[in-house]
Structure formats: structure tokens, C-alpha cells
Amino acid sequence: MNGPADDFGARPRGQGPVSVDPSFGLIDAARRMIRLGGNLADRRRRAVTIADTPKHEIWRDGKISLARYRPLVEPELGPLVIVHGMVGRQSMTDLEPKRSLVRRLLERAVDVYVLDWGNPTRADRYRNLADYADLSLGDALDAVEAHSGEPRAVLFGLCQGGVFAACHAALYPARLKGLALAVTPIDFHADRTAPALGRGQLNVWLRALPAELIEALIADGGNVPGHLSGQVFNGLQPGKWVAKYTADLAEIGDDPDALDTFLRMEKWLADRPDQPGALARDWLIGLYRENRLVEGRLTLDGVRVDLGRITCPVLNVYAEHDHIIPPPCSRALKQHLRNAAYREIAVPTGHIGVFVSQKAQGIVAPGMVEWMRQAA
């Protein structure tokens with residue numbers, strides 16, 4: 001899921017050695033590798049950590065928990081509830097202090113909560129999209145209301161979690177103060193009408209997979225393993241994946257801050273929960289293959305999800321260089337809204353860069369706060 005190198009703090013690559021002596025480049029590279037080895041050994045002794053912004057749990061239902069971040073200033077906006085999916089942890093929004101969307105929101109007086117789905121096991125294999133987007137999300141919002149005293153919250157859905165949030169907003173139009181989405185697929189086939197080089201491979205690949213093969217994969221273990229999802233994302237840009245562990249890593253090997261950011265990213269990437277079998281079926285077959293959400297054929301517990309029923313203000317954040325969720329797949333939301341004020345924020349990064357890049361730090365949080373003030 002890696003985007004451009006500058007999303008993660010790596011210095012731009014140099015223009016090559018200035019000397020015509022061919023040994024110069026080799027000597028320089030050897031020195032870099034020696035320094036890299038020493039810095040990696042140092043970090044092995046003091047493991048890097050992520051998601052360090054203080055928070056405390058206020059509600060739990062089995063594996064699922066809800067926490068509130070400790071305010072940095074007196075809250076004026078919110079409550080804002082961050083909802084991620086099963087593809088990756090929400091900790092991406094709090095990677096490190098200088099690259100933390102959570103901290104940027106707290107600094108701007110937003111009351112921030114986060115929903116954590118925990119680690120699904122085989123016992124959760126029958127939990128489907130309705131269980132997460134309707135029932136569990138609804139229970140969490142009840143807990144936020146009880147804790148904050150506010151009858152309505154703003155849902156902030158990330159990627160797959162954005163689909164959860166959008167479905168909930170459509171099922172319960174009067175329940176939310178606002179709906180914010182980030183890098184969220186809405187029209188899973190929009191890449192067909194606006195193809196772009198280097199984007200949409202995941203969509204094309206999943207549409208090409210026979211439904212029987214997906215069913216067999218799910219039946220094999222009950223859930224889709226998180227490490228398998230990681231391998232799929234790595235395979236979308238194999239050249240960049242190889243370069244990340246070779247040239248890119250050597251380039252930042254003697255920069256302690258950039259190296260720490262790299263290792264924090266690796267820690268996040270390695271922590272992928274399994275996708276419950278029934279949810280994976282709804283996600284891979286119902287949405288990626290059959291595009292049921294925008295075609296009006298998605299039902300949750302027998303109720304059709306109609307995006308046109310959303311009435312609260314909507315903010316849609318998308319990444320201009322997103323190779324995982326092509327921008328047209330996110331921006332398609334606008335055409336399916338009938339009664340909601342709609343705004344977009346375009347971020348000049350890749351998929352993950354929306355949350356961690358230096359560029360995004362000055363775009364996403366300020367844009368969200370401005371939108372929340374107007375929507376209040």
C-alpha cells in the first residue's frame with residue numbers, strides 16, 4: 001500500500017555520483033549500507049512505537065472497543081468517530097507525532113473517538129457487512145452519545161471503514177451530524193470509465209476472479225488471512241516494493257528520523273487483521289465484483305442501502321495518486337447524493353499518504369475542521 005517515497009519521509013534520490021570514477025559510487029553505497037546496518041541495530045535495541053497519542057477505552061463488546069483520545073485543548077467540535085476497516089489498522093492516522101492526523105485534529109479542538117474492530121478469529125467468520133456497518137457501528141455510536149452527551153456524532157470512515165460509515169448514514173439519515181470519508185471506494189467499477197495507468201489493478205484483478213474461487217478461499221480457513229491481503233497489495237506495484245527495501249532504504253539509512261518513519265510504516269503494514277469470511281464475501285463479491293452499492297442492490301439485514309437517503313453534510317477526501325482506490329471510485333459518491341451538502345478535498349499523495357505525508361498534514365485536518373465548523 002505504499003505510495004510515493006516522499007509520503008514517508010524518504011529524501012529524494014540524488015542525481016548519481018558526480019565523479020567519473022566508477023568506484024566512487026560503489027564506495028559511497030558501501031558506506032551507506034554500513035551506516036544503515038548500524039542504525040538498524042540501534043533500532044532493534046529500542047523498538048519504534050506507533051499510535052502513541054494518549055486515549056482511554058470507554059466501551060467494549062467482545063473484541064470490539066471504542067476509545068476517546070485525551071483532548072489537547074478544550075473540545076469545540078465533534079464528537080468525531082474514526083471508523084477503519086479490516087484491511088489495515090486505524091493506527092495509520094496516528095503513525096508518529098509529526099505525522100498524526102489524530103493530533104492535528106486534537107490541536108484544533110476536535111473531540112476524537114476511535115473504533116477498533118480487534119482481531120477477528122474463526123469464531124467471527126459469520127460476521128458480515130451488516131454486523132459491522134449497522135449493528136456494531138450503531139452500538140458504538142450509542143456509547144459515544146452516552147459518554148459525550150451529544151445526541152449526534154460525525155462519522156469519519158477510512159477506506160473500507162468509509163463504506164461502513166456511508167451505509168450507516170444511508171440507513172439512519174437523522175442519526176449523524178456529518179459524514180466524512182477518506183480514500184473510500186463507492187463505485188467499485190468507476191475505474192472502467194476513467195482508466196489511468198498504474199491505477200485500478202486491484203479492481204480489474206478482483207473482477208476477473210471467479211466467484212467460486214473467492215468462495216473456496218473463504219471456505220478454506222473461514223476468514224481471509226491478513227497477511228494474504230498484504231501480499232496482494234505488495235503485488236500491485238512490485239517494482240516499488242523491491243525498491244523500498246533496497247535503493248530507498250539505503251537512501252535513508254543515515255537519516256535517523258526518516259528511518260524511524262520507515263520502520264513505523266513497516267510495523268503498521270505487518271499488523272493486518274484477518275477479514276471475517278462473511279464480510280469478505282460481501283466485500284469481494286458483492287462490491288468489487290458486482291458493484292451492488294451504487295447499483296442499488298446492496299441490502300443489510302433485508303434493508304436496501306440507498307445513498308440518496310443520506311441527509312447530513314458529506315466531506316469526501318481522496319488521494320490524487322491513489323493506485324488502490326482510483327479517485328473516480330471515491331468521487332462517484334457525489335452523483336448518488338440527492339439531499340446532502342457535499343464537499344471534496346483532493347490530497348496530492350498516494351493512498352496512505354493522505355494520513356501520513358507531510359503534504360497532507362497541512363491539508364486534511366484543516367479542511368476537515370473548516371467543514372465541521374460549517375456543518376455544525
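Look up a bit, the structure's there.
So, a few notes on the structure that sits alongside this text.

### Looking at the overall build of the chain
So, step 1. The helix and strand inventory of the chain stands at 15 helices and 14 strands.
So, step 2. Relative to its full complement of 376 residues, the chain shows a buried share of 56%.
So, step 3. For the chain, the proportion of contacts with a sequence separation of at least 24, taken over those separated by at least 6, is 80%.
So, step 4. Here the chain displays about 16100 Å² of accessible surface, and carbon together with sulfur accounts for 54% of that area.

### Regarding the environment of Arg331
So, step 1. Tracing the backbone through its elements, the reader meets Arg331 in helix α12 (residues 327–331).
So, step 2. Residues Arg331 and Thr184, 147 residues apart in the sequence, show an inter-C-alpha distance of 8.9 Å.
So, step 3. In contact with Arg331, other than residues within four places in its own chain, are Asn316, Tyr318, Tyr342 and Glu344.
So, step 4. Here Glu344 takes part through its side chain, which lies 3.1 Å from a polar atom of the side chain of Arg331.

### Some points on the nonpolar core
So, step 1. Of all hydrophobic cores here, the largest spans 106 residues; its most connected members are Leu179 and Ile310.
So, step 2. Contact partners of Leu179, with chain neighbours within four places excluded, come to Val154, Leu155, Ala165, Ala166, Ala169, Ile310, Cys312, Pro313, Val314, Leu315 and Trp371.
So, step 3. Counting seven residues, the second-largest nonpolar core is a separate cluster that includes Val48, Leu249, Ile252 and Phe262.

### Observations regarding helix α15 (residues 364–375)
So, step 1. When the terminal C-alpha atoms of α15 are compared, their 16 Å separation across twelve residues agrees well with the 16 Å that a helix rising 1.5 Å per residue should span.
So, step 2. Within α15, the full set of buried residues consists of Val364, Ala365, Gly367, Met368, Val369, Trp371 and Met372.

### Some words on the side chain of Arg99
So, step 1. Structurally, Arg99 can be placed in strand β5 (residues 99–100).
So, step 2. Within the structure, Arg99 has its side chain in polar contact with the backbone oxygen of Val356 (distance 2.9 Å).

What counts and what doesn't
- Residues numbered from 1 in each chain as written.
- Predicted model: local features only at pLDDT ≥ 70, side-chain atom pairs only at ≥ 80, totals over all residues.
- Heavy atoms only, no water.
- Helix = DSSP H or I, 4+ residues; strand = E, 2+ residues; numbered from the N terminus.
- Buried < 20%, exposed > 50% of the residue type's maximum accessible area, 1.4 Å probe, protein only.
- Contact = heavy atoms within 4.5 Å.
- Areas by Shrake-Rupley, 256 points an atom, 1.4 Å probe, with all protein chains shown as cover.
- Polar contact = N/O pair within 3.5 Å; in protein donor to acceptor, adjacent residues only side chain to side chain.
- Core = buried A, V, L, I, M, F, W, Y, C linked by side-chain atoms within 4.5 Å.
- Expected span 1.5 Å × (residues − 1).

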